[in-house]
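# Chain and residue survey
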Amino acid sequence: MLSSGTYPIGTPGQAWGDAERATWLARQVRRRSYVDEVASAIDRLRDRFDVAPYGQLDYPPEQFDVFAVRSRDWDHALPTVLVTGGVHGYETSGVHGALRFLDRHAQDYAGRVNLLVAPCVSPWAYERIHRWNPLALDPNRSFREDSPAAESAALLRLVAPLRDAVLVHVDLHETTDSDESEFRPALAARDGVPFEPGEIPDGFYVVGDSENPQTEFQQALIAAVAKVTHIAPADAKGEIIGSTVVAPGVINYPLKRLGLCAGITNAPYTTTTEVYPDSPRATPEQCNAAQAAAVCAAIDFALARTPR
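Residues numbered from 1 in each chain as written. Predicted model: local features only at pLDDT ≥ 70, side-chain atom pairs only at ≥ 80, totals over all residues. Heavy atoms only, no water.

## Focus on the packing of aromatic side chains
On inspection of all chains with the given rule, the structure shows ten aromatic pairs. Ring centres of W24 and W132 lie 5.5 Å apart, and the angle between their planes is 50°; on these two criteria the pair is classed as tilted. One end of the pair, W24, is in helix α1 (residues 18–26); the other, W132, is in the loop between α4 (123–128) and α5 (150–159), and 108 residues separate them in sequence. Taking 5.1 Å as the distance between ring centres and 45° as the angle between the ring planes, the aromatic pair formed by F217 and Y269 counts as tilted. Of the two residues, F217 sits in helix α7 (residues 215–225) while Y269 sits in strand β10 (residues 269–275), which places them 52 residues apart along the sequence. (Phe/Tyr/Trp six-rings, centres within 6.5 Å; stacked < 30°, edge-to-face > 60°. Helix = DSSP H or I, 4+ residues; strand = E, 2+ residues; numbered from the N terminus.)

## Quick look at the pairing of strand β5 (residues 166–174)
Summarising burial for β5: nine of the nine residues are buried, a large majority. Where strand β3 (residues 80–85) and β5 come together, six bridges link them in parallel fashion. Note on β5: the bridge partner recorded for V83 is V170. The sheet contact formed by β5 and β10 spans seven bridges and is parallel. Paired with D171 across the bridge in β10 is T272. (Buried < 20%, exposed > 50% of the residue type's maximum accessible area, 1.4 Å probe, protein only. Pairing = 2+ DSSP bridges.)

## Concerning unusual backbone geometry
Excluding glycine, a negative phi dihedral is what most residues carry, and trans is how most peptide bonds are arranged. In the segment running from P60 into P61, the intervening peptide bond is cis, with an omega of 10°. Here P61 is to be found in the loop between β1 (49–59) and β2 (62–71). Not every positive phi belongs to a glycine, and I129 is a case in point at roughly 55°. You will see that I241, though not glycine, has its phi angle at about 40°, which is positive. Position of I241 among the secondary structure elements: in the loop between β7 (239–240) and β8 (243–244). On the accessibility criterion, I241 (35% relative accessible area) is partly exposed.

## Thoughts on the sheet that holds β3
Hydrogen bonds along the backbone pair up the strands of a sheet, which may run parallel or antiparallel. Ordered in space as β1-β2-β4-β3-β5-β10-β6-β9, the eight strands form an open sheet in which the pairing is mixed. With one partner strand each, in any of the chains shown, β1 and β9 (250–253) form the two edges of the open sheet. Averaged over all adjacent pairs, the angle separating strand axes in this sheet is 20°, with direction ignored. Docked against the sheet, helix α8 (residues 284–304) engages β3, β4 (114–118), β5 and β10, running at close to 160° with respect to β5. (Axes fitted to C-alpha atoms, helices over the stretch in contact; angles between N-to-C directions. Contact = heavy atoms within 4.5 Å.)

## Section: the confidence of the model for the chain
Here the chain shows a mean pLDDT of 96. Residues at 70 or above account for 98%. Predicted confidence is poor over residues 1–5, with pLDDT under 50, and the contacts of this stretch with residues over four places away or in other chains come to twelve contacts. (pLDDT = per-residue confidence, 0-100.)

## What about the side chain of S33?
Relative to the helices and strands, S33 is located in the loop between α1 and α2 (34–43). Polar contacts involving the side chain of S33 include one to the main-chain amide nitrogen of V35, which spans 3.4 Å. Within polar-contact distance, the side chain of S33 engages the backbone nitrogen of D36 at 2.9 Å. Leave out the neighbours within four places in its chain, and S33 touches V38, Y126 and E127. (Polar contact = N/O pair within 3.5 Å; in protein donor to acceptor, adjacent residues only side chain to side chain.)

## What to know about the environment of G111
Here G111 is to be found in the loop between α3 (92–104) and β4. Classification of G111 by relative accessible area gives exposed; the value is 63%. Residues G111 and D73, spaced 38 residues apart in sequence, show a C-alpha to C-alpha distance of 8.0 Å.

## Here's the deal with the pattern of salt bridges
What the rule picks out here adds up to 13 salt bridges. Salt-bridge contacts for R48 lead to D47; the nearest nitrogen and oxygen are separated by 3.7 Å. E216 serves as the salt-bridge partner of R305, at 3.3 Å between the closest nitrogen and oxygen. Taken as a pair, R305 in the segment after α8 and E216 in helix α7 lie far apart in primary sequence, 89 residues in all. Salt bridges sharing common partners tie together R30, E62, E127 and R128. (Salt bridge = Lys/Arg side-chain N within 4 Å of Asp/Glu carboxyl O.)

Okay, structure coming up:
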């Protein structure tokens, strides 16, 4: 069993200071290209959508533009759908699932909704295949006023004018084996607390809002994704990642209180998707397709229940 003391940085029982964070940062290695794999794919969408940077992340000597993709014929009379991916940069299908949705499915909703998509919220972490930003901060616990995470602050500024206009927000994520082998041990070490091992669920699941549970909505996503890849079962305690399963493949978190991305609007329909890319039963293609299927199911469900 691991403890925070087994992580190679820090002293057990003591939260990291500047020296430990600097040591951690020095260990991070660029492993893939945001420009080549993501920005170039976004650029290819310009003939169909309005594409513009909504912020610039300055991590000397590097800078990253973060891009928003919008419906070209924005109509304020239509409901708005927000899709976010890559809040955790290492969760690859969140990024490429959002791009797949834009490329293959978005046109099906032209004239029915306004689309606002931020495919890769955390490009520095995308390149390092990491959960945190260079300050060892988790953007997905930082969506709050005066956010210390530049990634979160930029997205909050983008969405602020639309908070009350959003009908659906789908935030695309993954749960990976590295959550248990690297990221949760690192979190325990950073915060100076013991690491308590957990269980990685094998399959897709969704996280709803415990303050606004929409179980039927979440179940519609599960039903759609089940046609693409398998759904995570509950563990022996009837839980997924420590939370009670309220329907097959569905758990709830207090999204706004935890500073999670899915809580940044007042949308009635919100969800965080969680794909499991390390399963021997899933391929990268299935993971990307599952994310796109979840977005489509979310929009379809919400439109079917929204007065015209």
